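# Notes for the structure review
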Amino acid sequence: MNKTVAVLIDYSVLNTFFLRYPEHGCVRTQERLGQYTSLKCGGTADFFCDVSTYEGLQKIVSFCCTNGALLKVLGNGTDVLIKDGGVKGCVIRLTGKPFNALEQIDERRFRIGSRVLLSEILCRTANLGLSGMEAMSGIPASLGGALSLNAGAYGERIASLVESIEVMTLQGEIQQFAREQLEFQYRKGPFDNGEIILNAVLVFVPGERKKILRHALDVALLRDYKLPHGYSAGCIFKNPSDISAGALIEKTGLKGIEHYGARISPKHGNIIINENNAHSDRILDLIALMRSQVKDRQGVDLSLEIKIWE
Ligand SMILES: Cc1cc2nc3c(=O)[nH]c(=O)nc-3n(C[C@H](O)[C@H](O)[C@H](O)COP(=O)(O)OP(=O)(O)OC[C@H]3O[C@@H](n4cnc5c(N)ncnc54)[C@H](O)[C@@H]3O)c2cc1C
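Conventions used here
Residues numbered from 1 in each chain as written. Predicted model: local features only at pLDDT ≥ 70, side-chain atom pairs only at ≥ 80, totals over all residues. Helix = DSSP H or I, 4+ residues; strand = E, 2+ residues; numbered from the N terminus. Rg over C-alpha atoms; globule rule 2.2 N^0.38 Å. Buried ≥ 20, exposed ≤ 12 C-beta atoms within 10 Å, placed from the backbone. Contact = placed C-beta atoms within 7 Å. Near = placed C-beta within 6 Å. Nonpolar A, V, L, I, M, F, W, Y, C, P; charged D, E, K, R; others polar. Arc of directions from axis to C-beta. Domains from an automatic or database assignment. Pairing = 2+ DSSP bridges.

## Remarks on the overall build of the chain
- On a plain count of helices and strands, the chain comes out with eight helices and 18 strands.
- Its C-alpha atoms give the chain a radius of gyration of 20 Å, near enough to 19 Å, the size a compact globule of 310 residues would have.
- Based on the C-alpha atoms only, the size of the chain along its principal axes is roughly 55 × 50 × 30 Å.
- When the 310 residues of the chain are sorted by exposure, 41% land in the buried category.
- Restricting to contacts in the chain with at least 6 residues of sequence separation, those with at least 24 account for 65%.

In structure tokens form, the structure reads like this:
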């Protein structure tokens, strides 16, 4: 989102607001962020807030804009590596009711808050005999996180279900975008200016409930078989156009190596497991090694899929 700034920001105005009006959110200082991520490591945030309302969100956005403070939105934390030095700025989670709403508009369309997990959307729609989410069964994302980087699996991407998205801009304005206005790419969402996704309307296709549930279960079982268990952020690198990053890393012989509690999975070369309270720096060492070995041996420049926060 906005640039990191070296100056110390005084968050007392925000602290006072949220302590006085707790209905808008709950603030914490020096909150350890690893507990909210699937990699389970990294430092603290200068200012942390579980935001409950649009008004609370507007307050934070406007504060960050005025004071030049870095603002980061955490979804379900499954694609983020927090550096050991933490985040020099403000980290928020959208935890309140409006962000958790899953409202059926008509037979095929739902307005869904950004905090709702893909698993919940799949469960609700599949049980109603609505198809669309099956291939994404098992991706541990929130809708906001999935839309922000166009998550997907087995040939399906979340973008294909989108009718519209509502966001709050860094100026605190609420804006709505129709599908035609949104450009999604492989593992890249449509927003580049720090827009915060509030909710989206997704459209599903009627189908046979039993078949949909079977497909979702098959995908979940396949993922369970193919992917390693343990603390990870899924794939570290994006796949280059013609070959998987995992296959390139496997060819370097790095699969399975361990480094101070972090290990490149023996099962999947593009996944690092935090096995034993590894520091983020050690995970970053492995990422640098994977990248340099693939570059040296195969001449391919891998680009990161995960987000690194500091
Ligand atoms: C075991 C495992 C398996 C995985 N498998 C897959 C897979 O098959 N396919 C795949 O695509 N990914 C996969 N992932 C990665 C990850 O789940 C996805 O990238 C997911 O989209 C991240 O969603 P999140 O809610 O956890 O977002 P976070 O990790 O919390 O955030 C990711 C990015 O989204 C931004 N963001 C989050 N919420 C919002 C919001 N409301 N508004 C604006 N920006 C927001 C964050 O600022 C950050 O930049 C996997 C991860 C794990 C741990």
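From this point, the discussion proceeds with the structure in view.
## What to know about the site of the ligand
- Around the ligand there are 31 residues in total, and Gly75, Ala141, Gly144, Gly145 and Gly234 lie nearest to it.
- Contributing elements (two or more residues each) for the shell around the ligand: strand S3 (71-74), helix H5 (143-148), strand S9 (152-153) and strand S13 (196-203).
- Top contributing element to the shell around the ligand by residue count: H5, with four residues.
- Split into classes, the residues belonging to the shell around the ligand amount to 15 nonpolar, 13 polar and three charged.

## Some remarks on helix H4 (residues 118-127)
- Considered for burial, the residues of H4 that qualify are Leu118, Ile121, Leu122, Thr125 and Ala126. In a view along the axis of H4, the buried residues occupy a sector of 115°, so they form one face of it.
- The secondary structure elements touched by the buried residues of H4 are strand S6 (102-104), strand S7 (109-113), strand S8 (130-131), H5 and helix H6 (209-226).
- Of the residues flanking the end of H4, it is Gly129, one or two places downstream, whose phi is positive at about 75°.

## A few points about the domain arrangement of the chain
- The domain boundaries assigned to the chain delineate domain 1 (12-95), domain 2 (100-225) and domain 3 (228-309).
- Each of domain 1 and domain 3 was reduced to a C-alpha centroid, and the two centroids are 28 Å apart.
- The biggest single contributor to the side of domain 1 that touches domain 3 is strand S4 (residues 80-82), with three residues.
- Taken together, the residues of the side of domain 1 that touches domain 3 break down into six nonpolar, three polar and five charged.

## A closer look at the sheet that holds strand S16 (residues 262-264)
- Read across the open sheet, the three strands follow the order S15-S16-S17; overall the sheet is antiparallel. Each of the sheet's edge strands pairs with one partner strand only, and the pair in question is strand S15 (258-259) and strand S17 (272-274).
- With three bridges connecting them, S16 and S17 associate as antiparallel partners. Looking at the pairing, Ile264 lines up with Ile272 of S17.

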